[in-house]
Amino acid sequence: QVQLVESGGGLVQPGGSLTLSCAASGSIHSIAAMSWYRQAPGKERELVGTVNIGGSINYVDSVKGRFTISRDNAKNTVYLQMNSLRPEDTAVYYCNGISLVPRTTVYWGQGTQVTVSS
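The structure contained in this document is the topic of the report that follows. Keep in mind that this is a model prediction, so the values were computed, not measured.

**What to know about the sheet that holds strand β7 (residues 67-72)**
So, point 1. What the four strands build is an open sheet, ordered β1-β3-β8-β7; its pairing is antiparallel. Taken across any chain shown, the strands that pair with only one partner, and hence form the sheet edges, are β1 (2-7) and β7. Each strand of the sheet is rotated relative to its neighbour by a mean of 20°, with strand direction disregarded.
So, point 2. Of the strand pairs in this sheet, strand β3 (residues 18-26) and strand β8 (residues 77-82) are connected by six bridges, and their pairing is antiparallel. Within β8, the residue paired with L20 across the bridge is L80.

**Brief notes about the pairing of strand β4 (residues 31-39)**
So, point 1. Across the nine residues of β4, seven count as buried, placing the element largely inside the fold.
So, point 2. By the bridge criterion, eight bridges tie β4 to strand β9 (residues 91-99) in an arrangement that is antiparallel. Its bridge partner lying in β9, A33 is registered against I98.
So, point 3. Across six bridges, β4 lies against strand β5 (residues 46-52) in antiparallel orientation. Across the sheet, the residue bridging to A33 is N52, located in β5.
So, point 4. Counting the residues between successive antiparallel strands, the hairpin from β4 to β5 contains six residues, one of them, G42, with a positive phi of roughly 75°.

**Considering unusual backbone geometry**
So, point 1. Look at the link from V101 to P102: it is a cis peptide, with omega at 0°.
So, point 2. Unlike most non-glycine residues, N76 shows phi in positive territory, near 55°.
So, point 3. In this structure, N76 sits in the loop between β7 and β8.
So, point 4. One non-glycine residue, S84, lies in the positive phi region at around 50°.
So, point 5. Mapped onto the elements, S84 comes out in the loop between β8 and β9.

Procedures and definitions
- Residues numbered from 1 in each chain as written.
- Predicted model: local features only at pLDDT ≥ 70, side-chain atom pairs only at ≥ 80, totals over all residues.
- Heavy atoms only, no water.
- Pairing = 2+ DSSP bridges.
- Helix = DSSP H or I, 4+ residues; strand = E, 2+ residues; numbered from the N terminus.
- Axes fitted to C-alpha atoms, helices over the stretch in contact; angles between N-to-C directions.
- Buried < 20%, exposed > 50% of the residue type's maximum accessible area, 1.4 Å probe, protein only.

See the structure below:
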């Protein structure tokens, strides 16, 4: 079992910055990839970006150049640094982890609200 806890959400003005954290605990050695997703009101949950066990990172086009995913292995934490925030970035942001051992299992955090508004 893996537990994921997000933190760092809040209200920010357009053009501002915010950093989200996702702390992992439990069987973290089994995690093959960590991702950030978001879900805006009335919309489906969408992938923001992924970092895999090898360190490769990918982003959805809408956040490229503005968002950065990083990880601190010593703290078992993945971060989402968000710059140049736009109102359309408003959503609940979720941390996601995929474990491949002993079987493929998907874990989700509880989500953290990010609101971009003046």
